[in-house]
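# Remarks on the overall topology
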Amino acid sequence: MKVLQWSMTIPAVKQLAFEKWFKDVAGPVLGGFGAKKHEIYKTVKENRFVERIYFDDNFDIPSYFAAVKADPEAWEISRMYEGEFGAKDVELKVLKEI
């Protein structure tokens, strides 16, 4: 299994709206494009969120980014993390199950 993992800080005043938006909009749309599962967690001690998208081992990760960028709705949604919700200190990791 391959996993794309983002961690980010969302300002406290925008967190409830972000959580609802992720559940209703971003998760369902961005969880497509070949993903097996899409989830989000909030860290306990910090105002950080961790988002993970799971793919099969043979999935070509660059094709996910290309597909999101080519889809107008998905591309707009991907820009909302920073624009609408003020995501800061965004970190992306690509993980591989061992």
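Procedures and definitions
Residues numbered from 1 in each chain as written. Predicted model: local features only at pLDDT ≥ 70, side-chain atom pairs only at ≥ 80, totals over all residues. Heavy atoms only, no water. Helix = DSSP H or I, 4+ residues; strand = E, 2+ residues; numbered from the N terminus. Rg over C-alpha atoms; globule rule 2.2 N^0.38 Å. Buried < 20%, exposed > 50% of the residue type's maximum accessible area, 1.4 Å probe, protein only. Expected span 1.5 Å × (residues − 1). Arc of directions from axis to C-beta. Contact = heavy atoms within 4.5 Å. Polar contact = N/O pair within 3.5 Å; in protein donor to acceptor, adjacent residues only side chain to side chain. Pairing = 2+ DSSP bridges. Axes fitted to C-alpha atoms, helices over the stretch in contact; angles between N-to-C directions.

## Quick word on the overall build of the chain
When you go through the chain residue by residue, the secondary structure sums to three helices and four strands. Ordering the α and β elements of the chain from the N terminus gives β-α-β-β-α-α-β. Scaling as 2.2 N^0.38, a compact globule of 98 residues should have a C-alpha radius of gyration of about 13 Å, and the chain matches this with 13 Å. Taken along the three principal axes of its C-alpha coordinates, the chain extends 40 × 35 × 20 Å. Counting over 98 residues, the chain shows a buried share of 39%.

## Topic: helix 3 (residues 72-83)
With 12 residues, helix 3 should cover 16 Å at 1.5 Å per step; its first-to-last C-alpha distance of 16 Å lies within 8% of that length. What helix 3 keeps buried is the set Ala74, Ile77, Ser78 and Tyr81. The arc that holds every buried residue of helix 3, seen down its axis, measures 100°, which confines them to one face. Opposite its buried face, helix 3 presents the exposed residues Pro72, Glu76 and Gly83, each directed more than 90 degrees away. Residues of helix 3 that are buried make contact with strand 1 (2-9), helix 1 (15-30), strand 3 (48-55) and helix 2 (61-70). Capping of helix 3 at its N-terminal end is provided by Asp71; its side-chain oxygen lies 3.1 Å from the backbone amide nitrogen of Glu73.

## Quick word on the sheet that holds strand 1
The strand order across the open sheet formed by four strands is 2-3-1-4, and the pairing between neighbours is antiparallel. Strand pairing shows two members of the sheet lacking a second neighbour, strand 2 (37-42) and strand 4 (88-96), which therefore form its edges. Sheet twist, expressed as the average angle between the axes of neighbouring strands with direction ignored, equals 15°. Note: strand 1 against strand 3, eight bridges, orientation antiparallel. Within the sheet, the bridge partner assigned to Trp6 lies in strand 3 and is Glu51. Sheet strands touched by helix 1: strand 1, strand 2 and strand 3. Its angle to strand 2, the strand with the most contacts, is close to 170°. Docked against the sheet, helix 2 engages strand 1, strand 3 and strand 4, running at close to 55° with respect to strand 1.

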